[in-house]
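# Observations on the three-dimensional arrangement
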Amino acid sequence: RLRKWQERIRTKDAGERNLQFALSEIDRMSSALGVPRSVREVASVIYRRALDDDLIRGRSIEGVATAALYAACRQEGIPRSLDEVAEVARVEQKEIGRTYRYIAQELSLGLEPVDPVQYVPRFCSELGLSEEVEQKTREIIEVTAEKGMLSGKSPTGYAAAAIYAASLLCNEKKTQREVAEVAQVTEVTIRNRYQEQIEALGIH
Amino acid sequence: MQDPKETINIENVVASTGIGQELDLQSVAMDLEGADYDPEQFPGLVYRTQEPKSAALIFRSGKIVCTGAKSTDDVHESLRIVFDKLRDLEIQVDEDPEIVVQNIVTSADLGRNLNLNAIAIGLGLENIEYEPEQFPGLVYRLDDPDVVALLFGSGKLVITGGKEPDDAKKAVDKIVSRLEELGLLDG
DNA sequence: AGTTTACTTTTCAAAGC
DNA sequence: GCTTTAAAAAGTAAACT
């Protein structure tokens, strides 16, 4: 009976330690990504829900904690791309994406695809662009997405191209390289999306 | 465009069978020209047929997986070639080994662009998977037929997981009617 | 800048780790 | 879970010319 009791304590302690580890990892990555405290709290809640629903079985604590943070950013409307999250995570991007899809499904998070507009304030701010460019970017994204051009395209690449186009239109030009750098996409992607967008807008 | 069902094309057929005899893959690898065998990497020996084009994975147990064929007829033709090659090596092969089709991959075209965002919401986020940051296709799992469809912005799609060619036709029918009743196939 | 090659997703069997 | 095999879809990426 004593052994059973000790085992229970040991299991409980191990569980506590694992939870503390997961929460400290969420904190560490959140700081590195510079997300607000509210997002960390949402991530913690998602992680605890995953824990309660036994979703960690067969997966790494690190992977679930990272996926929870990625999901929390999206839920709070200030997404970080998988690429950005992977840079501060200790699991590879592929596993973060796979784990995110799993917990989003199992916990019925009901998160819609990321809207490129949600990346605009942060990217424009990092580029030191004006409110005017930011507004023009939103307009470009909304008008072209309305025409069905967003289907299947990466939200970051789409946002990056629109920012590049808006910076030209507002005479605050940023190079494709500068925009590519903050959005973590290649210049080739910006070029491709940019061509489609200006054509759809009829800007020649 | 035309009837989406007319655009259905079988891209790959996966099937399994067995010769009813255990094999010494090491010696088969030595005698069979073009055979790839690296047991450290994978327990199966890989043998490719040229016409019809396919790849056969041959195992020590005598079981065989054939993949890459464009039709069920091609699967049978490819495996007939593999069986004969093994017989040439003086290996006993059952007369007519049962061949079971395990998966058929099909492509099709709905003939009109799709707004995947609207479709994701329309079909219900809990019923689909659409993460354009990770993959441009929307993943839609059907219960009957039991297949998985990948829908793309171009209107083209992939149907996989089916056991018979008819599954793809049924799936396309269901997808078209579902999108139509949601009013997402026009515009 | 254009081309080629390659990786992302889904499906399935096989034997073994 | 992973390993290997094939195939399509479209987007993204990297290595070359």
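As recorded in an unreviewed UniProt entry, chain B goes by the name TATA-box-binding protein, listed as coming from Natronomonas moolapensis. The Sequence similarities (unreviewed entry) field of the UniProt record for chain B holds the comment "Belongs to the TBP family." According to the UniProt record, the Function (unreviewed entry) comment for chain B is "General factor that plays a role in the activation of archaeal genes transcribed by RNA polymerase. Binds specifically to the TATA box promoter element which lies close to the position of transcription initiation."

## What about the protein's contact with DNA strand D?
Contacts to DNA strand D come from 30 residues, most closely from Thr189(A), Arg193(A), Lys53(B), Thr67(B) and Ser154(B). Close to the protein, within 4 Å, the atoms of DNA strand D are drawn from sugar and phosphate at a rate of 73%. Separating a phosphate oxygen of DNA strand D from a side-chain N or O atom of Thr189(A) is a distance of 2.6 Å. Interatomic distance of 2.7 Å between a side-chain N/O atom of Lys53(B) and a phosphate oxygen of DNA strand D. At the level of elements, helix 10 (187-201) of chain A together with strand 1 (9-18), strand 2 (45-49), strand 3 (54-58), strand 4 (63-69) and strand 9 (156-162) of chain B are the ones that each hand at least two residues to the surface near DNA strand D. Taken together, the residues of the surface near DNA strand D sort by class into 12 nonpolar, 10 polar and 8 charged.

## Observations concerning the pattern of salt bridges
Summed over all chains, the structure comprises 22 salt bridges over all chains. In this structure, the salt-bridge partner of Asp54(A) is Arg57(A), at a minimum N-O distance of 3.4 Å. Its salt-bridge partner being Asp84(B), residue Arg80(B) comes within 2.9 Å of it at the nearest N-O pair. Placement of both Arg80(B) and Asp84(B) in helix 2 (residues 72-88) is noted, with a separation of 4 residues, approximately one turn of the helix. Take Arg80(B): its relative accessible area is 42%, and that puts it in the partly exposed class. When its relative accessible area of 30% is taken as the criterion, Asp84(B) is described as partly exposed.

Calculation notes
Residues numbered from 1 in each chain as written. Chains lettered and ligands numbered in written order. Predicted model: local features only at pLDDT ≥ 70, side-chain atom pairs only at ≥ 80, totals over all residues. Heavy atoms only, no water. UniProt positions renumbered as here; feature names shortened; annotations may be inferred. Near = heavy atom within 4 Å. Polar contact = N/O pair within 3.5 Å; in protein donor to acceptor, adjacent residues only side chain to side chain. Helix = DSSP H or I, 4+ residues; strand = E, 2+ residues; numbered from the N terminus. Nonpolar A, V, L, I, M, F, W, Y, C, P; charged D, E, K, R; others polar. Salt bridge = Lys/Arg side-chain N within 4 Å of Asp/Glu carboxyl O. Buried < 20%, exposed > 50% of the residue type's maximum accessible area, 1.4 Å probe, protein only.

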